[in-house]
Amino acid sequence: MKKNRLLLIALLLVWLAPSFAARVDTLLVKSPSMNKEIKVVVVTPDAALGKKAVSCPAVYLLHGFGGHAKTWIEIKPNLPQIADEKGIIFVCPDGSTSWYWDSPKDPSFRYETFVSSELVKYIDGHYKTIADRKGRAITGLSMGGHGGLWTAIRHKDTFGACGSTSGGVDIRPFPKNWDMAKRLGDYESNKEIWDTHTVINQIDKIQNGDLAIIFDCGEADFFIQVNKDLHNRLLENFITRPGGHTGEYWNNSIDYQILFFDKFFKK
């Protein structure tokens, strides 16, 4: 009798526990501009699946230097649960070491074109998305933070909201780091290219109301000063909180950005 009672309690707890049915796909998406396939992880909420699927907004999450398509699902293992709770599709492409530019020096690196156009078209064609800038946001960490702002500012017709966490939002203080010289040429000989390929110098392309923007940075992060400089240019929606350039920080910071994007989608 006692065993039966315990079994009944166990079954009741399973029945009462929240059920998450988000699907995680790992895809190879063809990039015509680069003539290769790019790995992409897509987290689809239950609401966007099956016969009763409804159109859901999408947040594109970009990884940092040395990362890959699975970086965000590793940093944030509960991303499928968040997808179900918020009704958001998360799209996580592999950006290699591109900084999400179309490299003016290496034609094999056209990741701005891939993320802003080729990937968006693929996702809208294969998933139940809201195929409009009002239903798209993009953000990322470190190199991906640069990529999130860079891509959205330059493609406001595609993305309505954007963000960055611990982003390299001004690349010029770091001319020897993170393969940037491979994509832009060495700094001393290519200063104009570096000037035009850094996020902080894209600010004149946006006006009030163009984009919903949020970015944050840990106070112990080596990118803190360039983020403060960007804040001084924007004077809104910049957050600092304790933390460094770490997975622990990004695991926490992305919650606030997802909340920000969720509010944007629900306007």
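This write-up is about the structure you can find in this document.

What counts, and where the lines are drawn
Residues numbered from 1 in each chain as written. Predicted model: local features only at pLDDT ≥ 70, side-chain atom pairs only at ≥ 80, totals over all residues. Heavy atoms only, no water. Buried < 20%, exposed > 50% of the residue type's maximum accessible area, 1.4 Å probe, protein only. Helix = DSSP H or I, 4+ residues; strand = E, 2+ residues; numbered from the N terminus. Arc of directions from axis to C-beta. Contact = heavy atoms within 4.5 Å. Polar contact = N/O pair within 3.5 Å; in protein donor to acceptor, adjacent residues only side chain to side chain. Core = buried A, V, L, I, M, F, W, Y, C linked by side-chain atoms within 4.5 Å. Salt bridge = Lys/Arg side-chain N within 4 Å of Asp/Glu carboxyl O. Axes fitted to C-alpha atoms, helices over the stretch in contact; angles between N-to-C directions. Parallel < 35°, antiparallel > 145°, perpendicular 65-115°, else oblique. Left-handed = near helix turned anticlockwise from the far one by under 90°. Nonpolar A, V, L, I, M, F, W, Y, C, P; charged D, E, K, R; others polar. Phe/Tyr/Trp six-rings, centres within 6.5 Å; stacked < 30°, edge-to-face > 60°. Lys NZ or Arg CZ within 6 Å of the ring centre and 35° of its normal.

Structural notes on helix 3 (residues 79-86)
Then comes step 1: Looking at helix 3, one finds that the buried residues are Leu79, Pro80, Ile82 and Ala83. Buried residues along helix 3 cover an arc of 160° about the axis, so they all sit on one side.
Then comes step 2: In this fold, the buried residues of helix 3 make contact with strand 1 (23-31), strand 2 (36-44), strand 3 (58-62), helix 2 (71-75), strand 4 (89-93) and helix 9 (247-265).
Then comes step 3: One or two residues past the end of helix 3 sits Gly87, with phi positive at roughly 65°.

Describing the side chain of Ser103
Then comes step 1: Along the chain, Ser103 falls in the loop between strand 4 and helix 4 (111-126).
Then comes step 2: Judged by relative accessible area, which is 9%, Ser103 ranks as buried.
Then comes step 3: Within the structure, the side chain of Ser103 is placed 2.8 Å from the backbone nitrogen of Asp106, a separation counted as a polar contact.
Then comes step 4: Ignoring sequence-local partners within four residues, the contact set of Ser103 consists of Phe109, Lys182 and Arg183.

A look at the nonpolar core
What tends to happen in soluble globular proteins is that the nonpolar side chains get buried as a cluster.
Then comes step 1: Counting residues in hydrophobic clusters, the biggest one holds 51 residues, and the most contacted among them are Tyr60 and Leu230.
Then comes step 2: With six residues, helix 4 is the single largest residue contributor to this core.
Then comes step 3: When near neighbours in sequence (up to four residues on either side) are disregarded, Leu230 contacts Leu149, Val169, Val199, Ile200, Ile203 and Phe215.
Then comes step 4: Counting residues in each nonpolar core, the second largest holds 26 residues, with Ile75, Ile88, Trp250 and Phe264 among its members.

Some words on the side chain of His155
Then comes step 1: Within the secondary structure, His155 is located in the loop between helix 5 (143-154) and strand 6 (161-165).
Then comes step 2: For His155, a relative accessible area of 18% translates into the label buried.
Then comes step 3: Sequence-distant contacts of His155, that is, excluding residues within four places in its chain, are made with Glu112 and Ser116.

Focus on unusual backbone geometry
Then comes step 1: At Trp178, a residue that is not glycine, the phi angle is positive and equals roughly 55°.
Then comes step 2: One can find Trp178 in the loop between strand 6 and helix 6 (180-184).
Then comes step 3: One non-glycine residue with positive phi stands out, namely Asp179, at about 65°.
Then comes step 4: Structurally, Asp179 is set in the loop between strand 6 and helix 6.
Then comes step 5: Given the relative accessible area of 25%, Asp179 is considered partly exposed.

Focus: the pattern of salt bridges
If charged atoms from side chains of opposite charge come close, those side chains can pair.
Then comes step 1: Counting across every chain of the model gives 13 salt bridges.
Then comes step 2: Notably, a salt bridge pairs Lys86 with Asp262, separated by 3.9 Å at the nearest N-O pair. Of this pair, Lys86 sits in helix 3 while Asp262 is found in helix 9, placing the two residues 176 residues apart along the sequence.
Then comes step 3: Relative accessible area serves as the criterion here: at 32%, Lys86 is assigned to the partly exposed category.
Then comes step 4: In this structure, the salt-bridge partner of Glu112 is Arg154, at a minimum N-O distance of 3.0 Å. Here Arg154 lies in helix 5 and Glu112 lies in helix 4, a separation of 42 residues in the sequence.
Then comes step 5: Judged by relative accessible area, which is 7%, Glu112 ranks as buried.
Then comes step 6: Given the relative accessible area of 35%, Arg154 is considered partly exposed.
Then comes step 7: Taken together, the shared-partner salt bridges connect Lys86, Asp262 and Lys266 into one network.

So, the packing of helix 3 against helix 9
Then comes step 1: At a closest axis distance of 12 Å, the pairing of helix 3 and helix 9 adopts a crossing angle of 25°. When the interaxial angle is binned, helix 3 and helix 9 end up roughly parallel. Here the hand of the crossing between helix 3 and helix 9 comes out right-handed. Of helix 9, the residues touching helix 3 (which contributes Leu79, Ile82 and Lys86) are Asp255, Ile258, Leu259 and Asp262.
Then comes step 2: Looking at the contact of helix 3 with helix 9, its residues break down into four nonpolar, no polar and three charged.

A few points about the packing of aromatic side chains
Then comes step 1: This model, assessed by the stated rule, comprises 12 aromatic pairs.
Then comes step 2: Centroid distance Trp99 to Trp178: 6.2 Å. Interplanar angle 40°. Geometry classified as tilted. Here Trp99, found in the loop between strand 4 and helix 4, pairs with Trp178, found in the loop between strand 6 and helix 6; they are 79 residues apart in sequence, far enough to count as distant.
Then comes step 3: With a relative accessible area of 22%, Trp178 lands in the partly exposed category.
Then comes step 4: Grouped by ring-pair contacts, the aromatic residues Trp99, Trp101, Phe174, Trp178, Phe222 and Phe223 constitute a single cluster.
Then comes step 5: Over the face of the ring belonging to Phe109 we find Lys36, whose NZ or CZ atom lies 5.5 Å from the ring centre.
Then comes step 6: Of note, Arg183 hangs over the ring of Phe109, and the distance from its end group to the ring centre comes to 3.8 Å.

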